[in-house]
Amino acid sequence: YFQTKLITDEIHKWLYEESISKRIREKNKFASRYQNNTDCFIHIRLGDVEKWNPGFEYYNSIITKLPECPDIYIATDSPKHELIKQIQKKFGSRIKIINYELTDIMLFASTCKYVILSYGTFSAIIGYISYYSTVYCLRFCKKYAWDWKARSECDMFRDKSTLIGPWIVNG
């Protein structure tokens, strides 16, 4: 079970070892974007875990506080969902839905200046490799965490940081 705090702390620590992080950054096909954009990336997990999604206000409250971001990229498993339409309506042509292969989503997302995560392992890994990004994540709580019953050992978002600072917890 790779969502326990013990294991995710080790994964995060390993990804920040200089030789590992350097190799990831150098091999990233989107590497030219590192520290070279003001884009926002949002991972919105819906599908089979829709009931744990924090909803429009979570994403809106973060996006509206960002100082600059002309392009807002969204990767989602449900691009036609009402939540996505609501975000598109509010932010208009700034929203760009990306439909890359999963590894390319991770690599692209990690180069954006701002990264907004949903709950889950896929989002967590995006955050872990977003070395030069400001990362926003959900507070671990009963409302959003499907593994809440194991809360004494789970919370893949707590105490994480990038090279520029700690993750910002919302929700």
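This one's a predicted model, so the numbers in the text were calculated from it and none came from an experiment. (Residues numbered from 1 in each chain as written. Predicted model: local features only at pLDDT ≥ 70, side-chain atom pairs only at ≥ 80, totals over all residues. Heavy atoms only, no water.)

1. Quick word on the nonpolar core
- Among the nonpolar cores identified, the biggest contains 47 residues, and Phe 41, Ile 42, Ile 44, Ile 87 and Ile 116 are the most heavily contacted of them.
- Among the elements of the structure, strand E1 (40-44), helix H3 (56-63), strand E2 (72-76), helix H4 (82-91), helix H5 (102-109), strand E4 (114-116), helix H6 (121-128) and strand E5 (134-138) are those that each provide at least two residues to this core.
- The element best represented in this core is H3, accounting for five residues.
- Apart from the residues within four sequence positions on either side, Ile 44 is in contact with Asn 53, Tyr 59, Ile 74, Ala 75, Thr 76, Asp 77, Leu 83, Ile 84, Ile 87 and Ser 118. (Core = buried A, V, L, I, M, F, W, Y, C linked by side-chain atoms within 4.5 Å. Buried < 20%, exposed > 50% of the residue type's maximum accessible area, 1.4 Å probe, protein only. Helix = DSSP H or I, 4+ residues; strand = E, 2+ residues; numbered from the N terminus. Contact = heavy atoms within 4.5 Å.)

2. Quick look at the sheet that holds E2
- An order of E3-E2-E1-E4-E5-E6 is seen for the six strands of this open sheet, with the pairing classed as parallel. The open sheet is flanked by strand E3 (95-97) and strand E6 (168-170), the only strands paired with a single partner. Across the sheet, the axes of successive neighbouring strands diverge by a mean angle of 20 degrees, strand direction being ignored.
- In this fold H6 packs onto E1, E4 and E5, with an angle of close to 160 degrees to the strand it touches most, E1. (Pairing = 2+ DSSP bridges. Axes fitted to C-alpha atoms, helices over the stretch in contact; angles between N-to-C directions.)

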